[in-house]
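# Reading the structure
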Amino acid sequence: MTAPPATFGDFLSAAHDELATAAAVSSSFTLSKVTPGRDVDEHRRALAHLVQVLSAYTGDLTEVLRKLPSEYLTGTTAWHQAVMQAHDALTSAGSALAVSDGERTETGSLSSPAAQHLSAAAMSLTAGRDLLQGHFATSASGARLCRSRWAVAIASPEVTSGLLAEITSLGRQAAEACETVAASVTTGNARARAQHQVGVACEWLRLAQARVRTASQRAPAASRGREVLAAIPVNVLPSPHVPQDAEAIDELCQAVTTTAQRARHVAWDAANTDHRSAAISVTSWRQIAAACMVTSHNCYVLCQTLADRVAEHDPGLAEDLARAADQASLAREEWLDNAREFGEVTTDVRDHISPAALEAGELAHWTGKLAYADPDWTPARPPSGLRPPASLAPEATDVPRVVDAIHEASRACASLAVANLEQASKAVQADRVLIHAGSRTARYNIGGRTIRMPVQPASGPYVTSLLACCRDASEAAGRTAEAGGEIAARTGAPSAVLAAAKALARQQSELPHRKQATAGATAGPRIDGQPFGPIETKLRDCGVTDTRLLWRASSLDQAGQQVIHDASTEHGSQRQPHVGAASRIPHPAGAVSALRSAGADRRILAHVEPEAGP
Amino acid sequence: MTSVTDTQRRVDNASGLAKVLDAAYDAFEDMLTAIYGYHDSGGPFYPALIMAAASAANGRDAVAFAPSLLPPPSRTLQTAAVPAPDPPGWQDLGASIASLSSSLSTRLRDVAAAAETAEDRRACLDAARYAEEVHGLAAASLQ
């Protein structure tokens, strides 16, 4: 079996596991067993490495926000605030741990098991960040460009908030793993200093998570954001899957799924091909249209067969499958019209078979193997017997894997349809789509070359008809994919996350309208209806309008409230402190110390002092 | 069907590069018309024919770019200009297309060998290759 492509969830799980192990190892310490010096310093170095990686994540998230106009930031959501506040907290944690700038990036050799696990978590998260960054590119002008269909989902608020929650949760885990070391008895100035640094950093890590927890309470994030986040694959072409047993259903499903993923990957590249590229060719368009027509038919067959299989024990699912079959049938007809249109035109470049066209052919092949009883089925075989329903899904538990294959295949067809539409639109604009003319002596200047041939650039009704057909095929394929997504969600097929990612991407594409709606918001009471805290109020009273400073002030106000809340929960509320209207924040000494160590502004510290005892 | 049979006769009887190219162009066009006509008629779905249609269109394009192709009275695409003949069953259609594409490939390779210009030779060989693809798909479906 071919290993599935790594996902962000793999790295996330690995990091969580490493930190859980680090915490377990740490908790097995007794304070006296901590090796003085070694453990403390190694924890500090390993934690510094981890915090550096965590703050790189939040740095990525704040980069987008920093580019927004301040008017937008003032009227933005609790989650956007949390991003900025968490980043500030993580940056402060990093500063607290650093001895010198040069040391921040090097952990050196580690012999303490807990520190080793902290370091391993940092490495997992580094790889995970690389995975996410692999879905983006930077243009020469510095603009962030999407390199895959996942990129749009990654940038969505749901995935962003899911990522922030994960990052700060990992920070909290790391703080727990360092608790014993921070509380151990050490001797010597250097060790005590390292221990203090770890303690302060842990405080910041807890504050970072508290900020996110507050945002989560005010505006609960959709759980699908975290699901999509975990499912984001590495942005590379998956290896093809060749079944060892060509008659085993699970192997055939795997072949369909892998081929569909490959097709989607190359379809993205095809859709983004430059209009002058020699990779744009009518030969590829034709093969894609023909192959997707076959695939749509095979999906239609599979949906019907599966509907027969589940009709008795799940009539609702059978109805959904029947609807999906209808959509696949309609898509097949649209592909037929599309293929016919591509037969009536040509392009300046021909005979080029693109990777997208090759994968489309493979997809037709494997979906047919799954749909038909003939083990030697190929598209060249005559119409033959269908696979019996009991063979396609012997048990009810086998249904999701077939649904998964159908959904993946239909989504791949939708991506290929978009690729054809994009390429055809570009080729039309570049006068690269040609129609057969009456005279072979005509001369045309195409792409800077004078060509004598019996064709002329397509225009008027040919172009209108061609592009309309491409759009129709794209929409029909999209509807089939949506129907596939519904049955995937209903059956719990793994590909259901694709539908969720698609939905997030769609919402994200509507974001500019939402931005426009909030762009006019003016400075004033926060949009969540809460009053300004004392620090923020003070800054505003002093005439400070810098958005970043106001963010930080708000962050400190809320962090103070959270600490007080935590303290009163843990120790019992003997006297509920009043926060908000006062100009001084009651604050545990540890937190104030942490703020001071992090280099907080003196003007801010003047308003944050330890609360007097009861 | 009648059109495909007539075209086969033209292909078999054509002599000389220009006439073979002319017959080949029409042969590929007729295959497309017959295949789409079959599917429009609501016959059982036949994947091989759909794939063959793509190859037939590629073959027609290859012929169209041959310098020696005669300028016919109306070489523009005959979109819906010719009424579709009665659709045959898939086996009959597969058999006639397999036969036509086989003849086409042979004739195109013959004239390619005698072609005077590289462009003509390349056009003939490319078109012959596509005719063989059509034949492979149509013939396999009959086994």
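One can find the structure itself at the top, above this paragraph.
Let us look at the structure shown here. (Residues numbered from 1 in each chain as written. Chains lettered and ligands numbered in written order. Predicted model: local features only at pLDDT ≥ 70, side-chain atom pairs only at ≥ 80, totals over all residues. Heavy atoms only, no water.)

Helices and strands together make up the secondary structure of chain A, namely 22 helices and 9 strands. Scored against the burial criterion, the 614 residues of chain A give a buried share of 53%. Pairs at least 24 apart in sequence give 77% of the contacts found in chain A among residues at least 6 apart. With an accessible surface of roughly 25,800 Å², chain A has 52% of that area assigned to carbon and sulfur atoms. (Helix = DSSP H or I, 4+ residues; strand = E, 2+ residues; numbered from the N terminus. Buried < 20%, exposed > 50% of the residue type's maximum accessible area, 1.4 Å probe, protein only. Contact = heavy atoms within 4.5 Å. Areas by Shrake-Rupley, 256 points an atom, 1.4 Å probe, with all protein chains shown as cover.)

Further remarks concern a negative patch on the surface. A grouping of A:Asp245, A:Glu247, A:Asp250 and A:Asp376 is seen on the molecular surface, where their side chains present a negatively charged patch. Looking at the element boundaries, A:Asp245 is found in the loop between helix H9 (223-231) and helix H10 (249-271). (Patch = residues over 30% accessible without salt bridge, like charges linked within 9 Å, V, L, I, M, F, W, Y side chains within 5 Å. Salt bridge = Lys/Arg side-chain N within 4 Å of Asp/Glu carboxyl O. Lys, Arg positive; Asp, Glu negative; His and termini not counted. Charge placed at Lys NZ, Arg CZ, Asp CG, Glu CD.)

This part takes up the pattern of salt bridges. Should the charged atoms of two oppositely charged side chains come close, the side chains can pair. Across all of its chains, the model carries 26 salt bridges over all chains by this definition. The shortest N-O distance in the salt bridge between A:Asp41 and A:Arg45 comes to 3.1 Å. Pair noted here: A:Asp41 and A:Arg45 are both in helix H2 (residues 38-66), with a separation of 4 residues, about one helical turn. A:Asp41 gets classed as partly exposed once you look at its relative accessible area, which sits at 27%. A residue is classified by how much of its surface remains accessible, and A:Arg45, at 16% relative accessible area, is buried. Here A:Asp374 ties to A:Arg381 by a salt bridge, and the two come within 3.1 Å at their closest N and O atoms. In this structure A:Arg381 comes out as partly exposed when scored by relative accessible area, which is 28%. One salt-bridge network, in which partners are shared between bridges, spans A:Arg286, B:Glu29, B:Arg60 and B:Asp61.

Moving on, we come to the side chain of B:Gln8. All names here are of chain B. Residue placement: glutamine 8 occurs in helix H1 (residues 2-13). Its relative accessible area of 15% is what places glutamine 8 among the buried residues. The residues contacting glutamine 8, other than those within four sequence positions of it, are Ser96, Ser99, Leu100 and Ser103.

Our next topic: the sheet that holds strand E3 (residues 346-347) of chain A. Each strand in a sheet pairs with another by means of backbone hydrogen bonds, the pair being arranged parallel or else antiparallel. Across the sheet, which stays open at both edges, the 3 strands sit in the order E3-E4-E7 (chain A) with antiparallel pairing between neighbours. The outermost strands of the open sheet, each flanked by one partner alone, are E3 and strand E7 (455-457) of chain A. (Pairing = 2+ DSSP bridges.)

Another point: H10(A). In this model H10(A) runs 32 Å from its N-terminal to its C-terminal C-alpha over 23 residues, within 8% of the 33 Å that 1.5 Å per residue would give. Counting buried positions along H10(A) gives 18 out of 23 residues, so the element sits mostly inside the fold. (Expected span 1.5 Å × (residues − 1).)

Below, the discussion takes up the nonpolar core. Within the largest apolar cluster, 139 residues are counted, with the highest numbers of intra-cluster contacts made by A:Leu306, A:Trp335, A:Leu370, B:Phe28, B:Leu104 and B:Leu108. Not counting chain neighbours up to four residues away, the residues in contact with A:Leu370 comprise A:Ile249, A:Leu252, A:Cys253, A:Val256, A:Leu302, A:Arg387, A:Leu392 and A:Ala405. Counting 66 residues, the second largest nonpolar core, distinct from the first, contains A:Ala89, A:Ala175, A:Ala177 and A:Ala500. (Core = buried A, V, L, I, M, F, W, Y, C linked by side-chain atoms within 4.5 Å.)

Quick look at the interface of chain B and chain A now. Every contact between the two is made by 36 residues of chain B and, on the other side, 32 residues of chain A. Across the chain B/chain A interface, buried area totals approximately 3,000 Å², and carbon plus sulfur atoms make up 64% of it. When the area that chain B buries against chain A is broken down by residue, the three leading residues are B:Tyr36, B:Phe45 and B:Phe65, summing to 23%. Run the count over chain B and chain A and you get 2 salt bridges. Residue B:Asp61 pairs with A:Arg286 through a salt bridge whose shortest N-O separation is 2.9 Å. Counting across the chain B and chain A interface gives 9 residue pairs in polar contact (both at pLDDT 80 or more). Elements represented by at least two residues in the side of chain B that touches chain A include exactly helix H2 (17-40), helix H3 (47-64) and helix H5 (118-140) of chain B. With 10 residues, the single largest contributor to the side of chain B that touches chain A is H3(B). (Buried area = accessible area lost by both parts, 1.4 Å probe. Polar contact = N/O pair within 3.5 Å; in protein donor to acceptor, adjacent residues only side chain to side chain.)

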